[in-house]
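Each chain, written out:
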Amino acid sequence: MNWSGIQVRLYQAILLTGAGLSVACIVGNFFSAFPFRSDIKWIVLFIISVAAFLRSNYKKYRTYMMFAFFVFVIFFFLPLAFMDSGGSSNNAIGYIFLILICITYLFSGWRRIFLVAGLIVVFMLLHVLEYFHPEFIMVYTGWNQFVDRMIQIPLLLLVAFFIILWFAKEYERVNAKLDQYASMDALTGLYNRRMFDKAIEEAIADRRNMAYLVLIDMDNFKQVNDTYGHSAGDEALQKLAVLLQDSLGHGRNVVSRWGGDEFAVIYYGDGEELTRCLEEIEQSFQEYMLSYNETTGISFSITLVREDDRADQVLTRADRLLYAEKQRKHVS
């Protein structure tokens, strides 16, 4: 069974909740005037929850401990709780739904089927037992049951709220990370092509602000990879990404890795200031690359994004200008 970080944290949260709930219910049983035998199951649950939590970070035992924990809850704890707390007049059904939710997420395959089937069978057998052999079910006064419900129902709702809230927050956090991964280039930390495509459409649709498209391409980058290896090439890409982000990645500007050794920028602002920044970046990067290859630098093109443009038209225009710039450098 492969475990994700969110599953491990949910399992640990369930164990801590089980330990805390045990203590609260022991105290509640005291005020409800329930006999000591009603506390035995909670004491055992507390001990097992704490022991399982202490072993939850050990990958070797985690799966077995988790499975054993839920086997205990379904086949030992629930039957005792049902019989000791007044049978169907108690709050077992709420805990059963909570356990079902946890099982559904934490387990897969035969373990999930076994535990869910066991939960259903135990629940049915307990009601059969109550109907045909009511002498096995503890009977309490109406006052005892009232006090128990006044304690147990708020506890159950709080536990359910805590677990569901925690679960929702974990998924929000994971989804935020997935969104970040989907929009960022792993090597450089810049935006990727997907985000660039969105940014250029927004620039075209913006009627109030002047925007420029900049394409940047490395010169003789293949020589760096061939001579010094791909790790040196990766470092060069990262260096250029830092220079671009530091100089141009402010405000609404979008700096992205277009692909390979190509970068693209959507720049809002003055064209002359943009040209000056790019020339400084070109000089800084060429100085950095002198230790590898003195012919390795960058070429760039700048084109204005017009209101009547389509994304492919702007890119074609910028690409032609970049090709002309590379040709000019090659000839010179």
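The coordinates are above.
Residues numbered from 1 in each chain as written. Predicted model: local features only at pLDDT ≥ 70, side-chain atom pairs only at ≥ 80, totals over all residues. Heavy atoms only, no water.

Okay, the pairing of strand S1 (residues 211-219) next. For S1, the tally of buried residues reaches nine of nine residues, placing the bulk of the element in the interior. Pairing between S1 and strand S3 (residues 262-268): seven bridges, direction antiparallel. Its bridge partner being in S3, Ala211 is matched across the sheet by Tyr268. In this sheet, strand S4 (residues 297-305) lies alongside S1 in antiparallel orientation, the contact comprising nine bridges. Across the sheet, Ala211 pairs through a bridge with Val305, a residue of S4. (Buried < 20%, exposed > 50% of the residue type's maximum accessible area, 1.4 Å probe, protein only. Helix = DSSP H or I, 4+ residues; strand = E, 2+ residues; numbered from the N terminus. Pairing = 2+ DSSP bridges.)

Here we come to the packing of aromatic side chains. As enumerated under the stated definition, the model contains 12 aromatic pairs in all. With centroids separated by 6.0 Å and ring planes inclined at 40°, the aromatic side chains of Phe75 and Phe114 adopt a geometry described as tilted. You can see Phe75 sitting in helix H3 (residues 59-84) and its partner Phe114 sitting in helix H5 (residues 109-132), a full 39 residues away along the chain. On the accessibility criterion, Phe75 (39% relative accessible area) is partly exposed. Look at Phe114 and you get partly exposed, because its relative accessible area is 39%. (Phe/Tyr/Trp six-rings, centres within 6.5 Å; stacked < 30°, edge-to-face > 60°.)

You will see that Asn220, though not glycine, has its phi angle at about 55°, which is positive. Following the sequence through the fold, Asn220 ends up in the loop between S1 and helix H8 (221-228). Judged by its relative accessible area of 36%, Asn220 falls in the partly exposed class.

Tallied over the entire structure, the rule returns zero disulfides. Lacking any disulfide linkage, Cys25 is separated from the closest cysteine sulfur, that of Cys102, by 15 Å. Take Cys25: its relative accessible area is 1%, and that puts it in the buried class. Relative accessible area serves as the criterion here: at 5%, Cys102 is assigned to the buried category. (Disulfide = S-S within 2.5 Å.)

The next thing to look at is the pattern of salt bridges. Tallied over the full model, the rule gives 11 salt bridges. For Arg276, the salt bridge is made with Glu280, and the minimal N-O distance between the two is 2.5 Å. Of the two residues, Arg276 and Glu280 both sit in helix H10 (residues 271-289), four residues apart, roughly one turn of that helix. With its nearest N and O atoms 2.8 Å apart, the salt bridge here joins Arg328 to Glu325. One end of the pair, Arg328, and the other, Glu325, are both in helix H11 (residues 311-331), three residues apart, so they sit about a helical turn from each other. Among the ionic contacts, a cluster of salt bridges with common partners joins Asp217, Asp219 and Lys326. (Salt bridge = Lys/Arg side-chain N within 4 Å of Asp/Glu carboxyl O.)

That is the geometry; function is a separate question.
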